[in-house]
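Take a look at the letters that make up each chain.
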Amino acid sequence: MAFARQFKASLPACPSQADANGLAIVVVGPGRVGSVVVDRLLSQTSRWRLAGLGNSTRMLTDTADRRKWRKQLASSEQPGNLESLTEHLLSQQARKRVVVDATASQAVAARHADWLEAGCDVVTANKWAMAAAQPRYRHLAAARRDSGQCYEHAATVGAGLPALAAIAALHAAGEPLLAVGGALSGTMTFLTGRINAGQAPSQALAEAVTAGLTEPDPRADLDGLDVARKLVILAREAGQALDLSDIAVESLVPPELASLSPQAFLEATDCLDAYWHKLARSAPGQGEVLRHVGRFDVNGTARVGLERVGRHHPLAALGDADNLIEIRTASYDQSPLVLRGPGAGIEVTALALWSGLCRVSECGRPCR
Ligand SMILES: NC(=O)c1ccc[n+]([C@@H]2O[C@H](COP(=O)([O-])OP(=O)(O)OC[C@H]3O[C@@H](n4cnc5c(N)ncnc54)[C@H](OP(=O)(O)O)[C@@H]3O)[C@@H](O)[C@H]2O)c1
């Protein structure tokens, strides 16, 4: 609840509040991030209307009470069903109908194109749609182009740091992307920061788990694929045809721990120490630090993994869970465009979704 209060207090008024009565919104995935958006929507009584919400097992289509919705959802007799939630949204009288996807579910991501084609706008923190394999990605790209609906996915990379907006603006201005990359995982910045300060990887991971910085199964942070998805999304924003399969991804999960249960993995993390030491070839020397980096360039580099950088490199100075995204184009080559800030966190990710709702309210076409 402290998050919600802090989030609410820190938000500027949305520029379109005066005419925002006509937005009907469903939130899919009211978890850590999504529940902040739900709370915020339910405190905006007369402006944007929360028409429904649902997780994988239950849903609610009558969500008037800000204090009780969690209990109501937990005891709801309406089974979670994306078709029913969509039908409910489409039945709403509204200037715009919007789906907020705050899940990390491939099944939900697979619906994005359908929602756009049905006349809904989509605001998402879920990376699976924009990082999908061809031809699913082409289907989504065509739906974005042909439907005229808004598709807001800034929350998928850098927890909303405006990297995608910067790349899209440069691309629209005819600037070819030369390279993009950097520290794209707040969790990995935290871990490498602790290791650089002398902690063993297993201890650093235990600290990150305790601080709630990792996914429930930390292997989802360590296997490099989440960062690879972000790299795909960044490159595609500049019209580059990058697929996950094009990226050399170094997993930091020792093979012998890959198939354990999440609990057994957490009890066996001692193996990380020797494995990471081997991957880094040796501990960082004087004047060097270890960072987890994803890079793509138009000459064929596409990789995710550990790198050693000099202590004066911008990556070396990152704070606890920061991201740093470096964008090179013809005009930003010698001196690249650099965005730096928190790359994980419930509040900043929820803020990115909220900004997406503000842009939806301003843009695109009204409901058919
Ligand atoms: N937390 C962060 O710091 C952060 C930062 C940047 C981006 N993100 C992204 O934001 C999204 C949400 O993250 P989070 O931390 O809030 O995750 P979370 O707490 O695990 O919440 C995910 C929500 O999605 C629901 N869900 C899962 N599968 C579903 C399905 N098939 N249909 C409907 N609902 C489903 C879950 O409910 P049940 O499983 O109970 O059904 C839960 O309510 C993710 O895509 C994540 O990558 C998060």
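Quick caveat, the model's predicted, so the values are computed rather than measured. (Residues numbered from 1 in each chain as written. Predicted model: local features only at pLDDT ≥ 70, side-chain atom pairs only at ≥ 80, totals over all residues. Heavy atoms only, no water.)

1. Considering the sheet that holds strand 2 (residues 48-54)
Part 1: The 6 strands are arranged 3-2-1-4-5-6 in an open sheet whose pairing can be described as mixed. Both outer strands of the open sheet, strand 3 (59-60) and strand 6 (151-152), are each paired with one neighbouring strand and no more.
Part 2: In terms of strand pairing, strand 1 (residues 23-28) meets strand 2 through 6 bridges, oriented parallel. Its bridge partner being in strand 2, L23 is matched across the sheet by W48.
Part 3: Taken strand by strand, helix 4 (residues 82-90) contacts strand 1, strand 2, strand 3 and strand 4 (96-101), and its axis lies near 170° from that of strand 1. (Pairing = 2+ DSSP bridges. Helix = DSSP H or I, 4+ residues; strand = E, 2+ residues; numbered from the N terminus. Contact = heavy atoms within 4.5 Å. Axes fitted to C-alpha atoms, helices over the stretch in contact; angles between N-to-C directions.)

2. What about the sheet that holds strand 7 (residues 177-183)?
Part 1: Reading across from one edge, 8-10-9-7-11-12 is the order of the 6 strands in this open sheet, with mixed pairing throughout. The open sheet has two edge strands with one neighbour each: strand 8 (248-249) and strand 12 (337-342).
Part 2: For strand 8 and strand 10 (residues 302-310), the ladder comprises 2 bridges, and the chain directions are parallel. Bridged to V249 within strand 10 is V304.

3. Description of the pattern of salt bridges
Part 1: If you walk through the whole model with that rule in mind, you get 20 salt bridges.
Part 2: R70 is the salt-bridge partner of D39, the closest N and O atoms lying 2.9 Å from each other. One end of the pair, D39, is in helix 2 (residues 32-42); the other, R70, is in helix 3 (residues 69-74), with 31 residues separating them in the sequence.
Part 3: Classification of R70 by relative accessible area gives partly exposed; the value is 37%.
Part 4: Residue R194 pairs with D320 through a salt bridge whose shortest N-O separation is 3.3 Å. Residue R194 is found in helix 9 (residues 186-196), and its partner D320 is found in the loop between strand 10 and strand 11 (322-329); the two are separated by 126 residues along the sequence.
Part 5: R194 sits in the partly exposed class, given a relative accessible area of 22%.
Part 6: You can call D320 partly exposed: its relative accessible area is 47%.
Part 7: Each member of the salt-bridge network shares a partner with another, and the members are K127, D226, R229 and K230. (Salt bridge = Lys/Arg side-chain N within 4 Å of Asp/Glu carboxyl O. Buried < 20%, exposed > 50% of the residue type's maximum accessible area, 1.4 Å probe, protein only.)

4. A short note on unusual backbone geometry
Part 1: A cis amide bond links Q134 to the next residue, P135, at an omega of 5°.
Part 2: With respect to the helices and strands, the residue P135 is situated in the loop between strand 5 (121-124) and helix 7 (136-147).

5. Section: helix 7
Part 1: Between its first and last C-alpha, helix 7 extends 16 Å over 12 residues, near the 16 Å set by a 1.5 Å rise per residue.
Part 2: In this fold, the buried residues of helix 7 make contact with helix 6 (112-117), strand 6 and helix 12 (225-237).
Part 3: One or two positions beyond helix 7, positive phi appears at G148, with a value near 75°. (Expected span 1.5 Å × (residues − 1).)

6. Some details on the packing of helix 8 (residues 163-172) against helix 12
Part 1: Look at helix 8 against helix 12: their axes get within 8 Å of each other, and the N-to-C directions meet at 25°. Taken together, the axis directions place helix 8 and helix 12 in an arrangement best described as roughly parallel. In this structure, helix 8 uses A163, L164, I167, A168 and H171 to contact helix 12, whose residues at the interface are I233, L234 and E237.
Part 2: A breakdown of the residues in the contact of helix 8 with helix 12 according to their chemical character gives 6 nonpolar, 1 polar and 1 charged. (Parallel < 35°, antiparallel > 145°, perpendicular 65-115°, else oblique. Nonpolar A, V, L, I, M, F, W, Y, C, P; charged D, E, K, R; others polar.)

7. Brief notes about the site of the ligand
Part 1: Around the ligand, the surrounding shell holds 21 residues, and the nearest of these are R32, V33, S56, T103 and G345.
Part 2: In this structure, K127 approaches the ligand through a side-chain N or O atom, which is 3.2 Å from an oxygen atom.
Part 3: Between the ligand and the protein, one listed contact pairs an oxygen atom with a backbone N or O atom of G345 at 2.8 Å.
Part 4: Contact with the protein chains removes 73% of the 900 Å² of surface that the ligand exposes when unbound.
Part 5: Mapped onto the shell around the ligand, the elements with two or more residues apiece are helix 2 and helix 15 (346-362).
Part 6: Among the residues forming the shell around the ligand, the class breakdown is 9 nonpolar, 10 polar and 2 charged. (Near = heavy atom within 4 Å. Polar contact = N/O pair within 3.5 Å; in protein donor to acceptor, adjacent residues only side chain to side chain. Areas by Shrake-Rupley, 256 points an atom, 1.4 Å probe, with all protein chains shown as cover.)

8. Here we look at the nonpolar core
Part 1: W115, V180, L234, I247, F296, I325 and I327 are the most contacted members of the largest nonpolar core, which totals 49 residues.
Part 2: The element best represented in this core is helix 12, accounting for 7 residues.
Part 3: Residues V33, L42, W48 and A102 belong to the second largest nonpolar core, which totals 30 residues. (Core = buried A, V, L, I, M, F, W, Y, C linked by side-chain atoms within 4.5 Å.)

9. Some remarks on the packing of aromatic side chains
For any pair of aromatic rings, the description rests on two quantities: the centre-to-centre distance and the angle between the ring planes.
Part 1: Evaluated as defined, the whole model comprises 1 aromatic pair.
Part 2: Aromatic pair W48 and W354: ring centres 4.9 Å apart, planes at 35°, arrangement tilted. On the criterion of sequence distance, the pair formed by W48 in strand 2 and W354 in helix 15 is long-range, its members being 306 residues apart. Both residues of the pair, W48 and W354, count as buried.
Part 3: Its end group placed over the ring of Y137, R236 keeps NZ or CZ at 3.9 Å from the ring centre. (Phe/Tyr/Trp six-rings, centres within 6.5 Å; stacked < 30°, edge-to-face > 60°. Lys NZ or Arg CZ within 6 Å of the ring centre and 35° of its normal.)

10. Thoughts on the confidence of the model for the chain
Part 1: Of all residues in the chain, 91% have pLDDT values of 70 or greater, and the mean over the chain is 89.
Part 2: For the stretch residues 1-20, pLDDT sits under 50, and the model shows 33 contacts to residues farther than four places along the chain or on other chains. (pLDDT = per-residue confidence, 0-100.)

11. Considerations on the pairing of strand 5
Part 1: Alternating positions in strand 5 separate into two faces, D121 and V123 on one and V122 and T124 on the other, with burial throughout.
Part 2: One ladder, built from 4 bridges, connects strand 4 with strand 5; its direction is parallel. The residue of strand 5 that forms the bridge with V100 is V123.
Part 3: Here 2 bridges tie strand 5 to strand 6, and the two strands are oriented parallel to one another.

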